[in-house]
Amino acid sequence: MATTAGRRAIVIGGSIGGLFAANLLHRRGWDVRVYDRVPGSLESRGTGIAHHPETEAILARAGVQDEHAPGVRVEGRVAVGPDGTILAHAHYPQYVTAWGRVFNPLRLAFPAERMRTGMELRALDQDAEGVTAHFADGSSATAELLVGADGFRSAVRAAVAPDVVPIYCGYVGWRGLVEESVFSPAFAPVFAQFTFLFPGHGEFIGYPIPGLNDSAEPGRRRYNFLWYYPLDAGAPLDDLLTDAAGTRHAYSIPPGLLRPAHGAAVKADAAARLPEPYAEAVRRAEGFLVQPIYELESPAMGFGRVALLGDAAFTARPHVGVGVLKAAEDAEALAEALDEAPVPAALAAYGARRLPHCRAAVAVSRHLGGFIERRLPRPDADPALGLTLPRLLALSGRPVARDAYGNAD
Ligand SMILES: Cc1cc2nc3c(=O)[nH]c(=O)nc-3n(C[C@H](O)[C@H](O)[C@H](O)COP(=O)(O)OP(=O)(O)OC[C@H]3O[C@@H](n4cnc5c(N)ncnc54)[C@H](O)[C@@H]3O)c2cc1C
């Protein structure tokens, strides 16, 4: 076993993946510094996520102690037809929760003085002795390990694997949140369901999540929806990502800059295509988060002294609901590999262990989103896809087996 005390690590990205890695390494005695590009705090951002017992277990091992329920419990999933009738259901008790419900305790568990915000990585270089990160403010930091947890547009990945870029999947996700207290009584029977609908060659998913202050108490919760919408690359995507001042944003557009006409069009579409009561959720949303859907696969996860993890290494489409768990498992596998060997050998072992899992997550998410990409009216419209409604309900929003889709290498 390699001694970890006093070994220095730089983590680029202070979101969920970076904070899992930072906490796990810090608890092993590493001297860890986290740098995030965004000034100030990320706490208030994010919407709903599927939560898994595996994530809870890694949170505990990362030093997060929390007695509260991890979110709102749902008993299963239902697929609903255009007239509101239930087409299929699957029993699968699980918690669904808010992004902040995982992020906030991770952030609190890590010593604040070791985290620096407003620090954008611009470049890095490495040799046999160490790795140096160079930041936009002209400063730099050196360590024996650098962890790239800087998301799907990773600057770390651009430095070590410049050919690996996110691929647009041909559709966007519109995310919205609505306070439980503002719904009409007609919404009450469906509020606590984990629901799937297939309006207009897309997919609408809705479920309850805790309210602000993490409350899972009835009346104080929120409803989270995610509406996957086909949108061609080129002019239609350019238009969505262009703000009122005419700036075309790369990859995604900050919520405050989305042109109001786009939100109004989604609300009109909800009225036309979604059965009540689900149309009410979209109508009542006060703002949207638009997420063009990308996927990304790296050929390796260790590059000398540089490790990639979470979305920076592999970005699965959100259908599988494992972005947070995958990042947590990457971080733990990395920390365990570093317990056993010097950095370059540990990173090779880390990649060998995690690549099959990450490839499987991307493959399953591609399977689940394939009908939207192909503009089919329903998941089961083309039997060749093998995506019956029971299968879609069984695979969505839950951990992926590492040998899914022939990845058992
Ligand atoms: C604000 C936010 C809200 C999210 N909300 C949801 C949600 O509601 N539902 C959901 O399913 N998933 C959400 N995600 C994605 C989810 O967190 C990830 O899929 C998963 O946690 C793994 O992400 P990650 O930590 O690898 O990368 P990310 O969560 O993407 O984090 C990357 C971090 O790196 C930082 N960064 C990027 N470039 C640089 C740079 N050059 N230098 C320094 N820092 C840099 C970013 O500021 C960010 O904090 C959200 C992510 C973010 C950042």
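Fair warning: this is a prediction, and the values are worked out from it, not measured in the lab. (Residues numbered from 1 in each chain as written. Predicted model: local features only at pLDDT ≥ 70, side-chain atom pairs only at ≥ 80, totals over all residues. Heavy atoms only, no water.)

Overview of the site of the ligand
Condition: In this text, near means that some heavy atom of the residue lies within 4 Å of the molecule or strand in question. Two N or O atoms form a polar contact when they lie within 3.5 Å of each other; inside protein one atom must be a possible hydrogen donor and the other a possible acceptor, and for residues adjacent in sequence the pair counts only when both atoms belong to side chains. Only DSSP runs of H or I with at least four residues qualify as helices, and only runs of E with at least two residues qualify as strands; both kinds are numbered from the N terminus onward. Residues were grouped as follows: Ala, Val, Leu, Ile, Met, Phe, Trp, Tyr, Cys and Pro as nonpolar; Asp, Glu, Lys and Arg as charged; and all remaining residues, including Gly, as polar.
Taken together, the neighbourhood of the ligand is formed by 29 residues, with Ser-15, Gly-17, Asp-36, Thr-47 and Trp-99 sitting nearest. The contact in question runs from an oxygen atom of the ligand to an N or O atom on the side chain of Ser-15, over 2.7 Å. The backbone of Thr-47 places a nitrogen or oxygen atom 2.5 Å from an oxygen atom of the ligand. Of all the secondary structure elements, the ones that give two or more residues to the shell around the ligand are α1 (16-27), β2 (31-36), β3 (48-51) and α9 (323-340). No other element matches α9, which puts 3 residues into the shell around the ligand. For the shell around the ligand, the per-class residue count stands at 13 nonpolar, 9 polar and 7 charged.

Looking at the packing of α1 against helix α3 (residues 99-109)
Selection rule: To define axes, lines are fitted to C-alpha atoms, for helices over the stretch in contact only, and angles between the resulting N-to-C directions are given on a 0 to 180 degree scale. Left-handed describes a crossing whose near helix is turned anticlockwise from the far helix by less than a right angle; the clockwise case is right-handed. Any pair of residues with heavy atoms lying within 4.5 Å of one another is described as a contacting pair.
For the pair α1 and α3, interaxial distance at closest approach is 9 Å and the crossing angle is 35°. Every pair of crossing elements has a handedness; the one defined by α1 and α3 is left-handed. Residues Ile-16, Leu-19, Phe-20 and Asn-23 of α1 form the contact with α3, whose own contacting residues are Trp-99, Val-102, Phe-103, Leu-106, Arg-107 and Ala-109.

Thoughts on the environment of Ala-149
Defined as follows: In this scheme, a residue with accessible area under 20% of its type's maximum is buried, one over 50% is exposed, and one in between is partly exposed, where area comes from a 1.4 Å probe on protein chains only.
Position of Ala-149 relative to the elements: it lies in the loop between β10 (145-148) and α4 (155-160). Assessed through its relative accessible area of 10%, Ala-149 is described here as buried. Placed 65 residues apart in sequence, Ala-149 and Asp-214 show a C-alpha to C-alpha distance of 26 Å. Setting aside its immediate chain neighbours within four residues, Ala-149 contacts Val-11, Ile-12, Gly-13, Gly-17, Gly-18 and Leu-309.

Considerations on the UniProt feature "domain: 2,6-dihydroxypyridine 3-monooxygenase substrate binding" (unreviewed entry) in the chain
Worth spelling out the cut-off: UniProt positions are given in the numbering used here, feature names are shortened, and annotations may be inferred rather than shown by experiment.
Feature annotation in UniProt places "domain: 2,6-dihydroxypyridine 3-monooxygenase substrate binding" (unreviewed entry) on residues 168-293, given in this structure's numbering. Secondary structure across residues 168-293 comprises 25% helix and 29% strand; the distance between its end C-alpha atoms is 6 Å.

Some thoughts on unusual backbone geometry
For residues that are not glycine, phi is negative in most cases, and the peptide bond is trans in most cases. Glu-276 connects to Pro-277 through a cis peptide bond whose omega is 10°. The phi dihedral of His-201 falls on the positive side, at around 65°, and the residue is not glycine. In this structure His-201 comes out as partly exposed when scored by relative accessible area, which is 35%.

Let's talk about the sheet that holds strand β7 (residues 121-126)
Here is the rule: Only strands joined by at least two bridges in the DSSP assignment are considered to pair.
In spatial order, the strands read β7-β8-β9; together these 3 strands make up an open sheet with antiparallel pairing. Only two strands of the sheet have a single partner each, and these edge strands are β7 and β9 (140-143). Across this sheet, the average inter-strand angle for adjacent strands is 20°, counted without regard to direction. Of the strand pairs in this sheet, β7 and strand β8 (residues 131-135) are connected by 5 bridges, and their pairing is antiparallel. Across the sheet, residue Gln-126 finds its bridge partner in β8, namely Val-131.

A short note on the layout of surface pockets
Heads up, the rule is: With a 1 Å grid spanning the protein atoms alone, the term cavity applies to any set of points in which a 1.4 Å probe fits but cannot get out, the term pocket to an open set with protein on both sides within 12 Å along at least five of seven lines, and the term lining residue to any residue with an atom within 4 Å of a point. Grid points are joined across faces, edges and corners, and a volume is the space filled by probe spheres set on the points.
Put simply, the second largest pocket is a space of about 160 Å³. When residues of the lining of the second largest pocket are traced back to their parent elements, those giving at least two are α9 and α10 (343-373). The leading source of residues in the lining of the second largest pocket is α10, at 5 residues. When its residues are assigned to classes, the lining of the second largest pocket shows 8 nonpolar, 1 polar and 5 charged.

Description of the environment of Arg-317
Following the sequence through the fold, Arg-317 ends up in the loop between β18 (314-315) and α9. Classification of Arg-317 by relative accessible area gives buried; the value is 2%. Along the backbone, Arg-317 and Leu-296 are 21 residues apart, and their C-alpha atoms lie at a distance of 9.0 Å. Dropping the residues within four chain positions of it, Arg-317 is found in contact with Cys-169, Tyr-171, Ile-293, Tyr-294, Glu-295, Ser-365, Arg-366, Gly-369, Gly-370 and Glu-373.

Looking at the packing of aromatic side chains
Think of a pair of aromatic rings as described by two things: how far the centres are apart, and how the planes are tilted against each other in angle. Inclusion rule: Note on aromatic contacts: the rings of Phe and Tyr and the six-membered ring of Trp form a pair at centre separations within 6.5 Å, being stacked when their planes are under 30 degrees apart, edge-to-face when over 60 apart, and tilted otherwise.
Applying the stated criterion across every chain yields a total of 22 aromatic pairs. Each ring, one from Phe-152 and one from Tyr-294, has its centre 5.3 Å from the other, and the planes form 25°; the classification is stacked. Taken together, the residues Phe-152 in the loop between β10 and α4 and Tyr-294 in strand β15 (residues 289-297) connect sequence positions 142 residues apart. For Tyr-294, a relative accessible area of 10% puts it in the buried group. Taking the centre distance of 4.8 Å and the plane angle of 85° together, the rings of Phe-187 and Tyr-223 count as edge-to-face. Placement of Phe-187 in the loop between β11 (167-179) and α5 (188-191) and of Tyr-223 in strand β14 (residues 222-230) is noted, with a sequence separation of 36 residues between them. A single burial state applies to Phe-187 and to Tyr-223, both of which are buried.

Let's talk about the domain arrangement of the chain
To be explicit about the condition: Either an automatic procedure or a domain database provided the assignment from which the domain bounds are taken. By buried area we mean the combined loss of accessible area, with a 1.4 Å probe, across both parts when two parts are placed together. For salt bridges, the criterion is a side-chain nitrogen of Lys or Arg within 4 Å of an Asp or Glu carboxyl oxygen.
One can read the domain layout of the chain as domain 1 (8-47 + 101-166 + 296-368 + 402-406) and domain 2 (72-98 + 167-293). In this structure, domain 1 and domain 2 have C-alpha centres spaced 28 Å apart. Taken together, the contact pairs 11 residues of domain 1 with 18 residues of domain 2. Both sides together, the interface formed by domain 1 and domain 2 hides about 1,400 Å², and carbon and sulfur atoms give 56% of it. Summed over the shared surface of domain 1 and domain 2, the number is 0 salt bridges. At the junction of domain 1 and domain 2, the tally comes to 6 residue pairs in polar contact (both at pLDDT 80 or more). Per-class residue counts for the side of domain 1 that touches domain 2 are 5 nonpolar, 3 polar and 3 charged.

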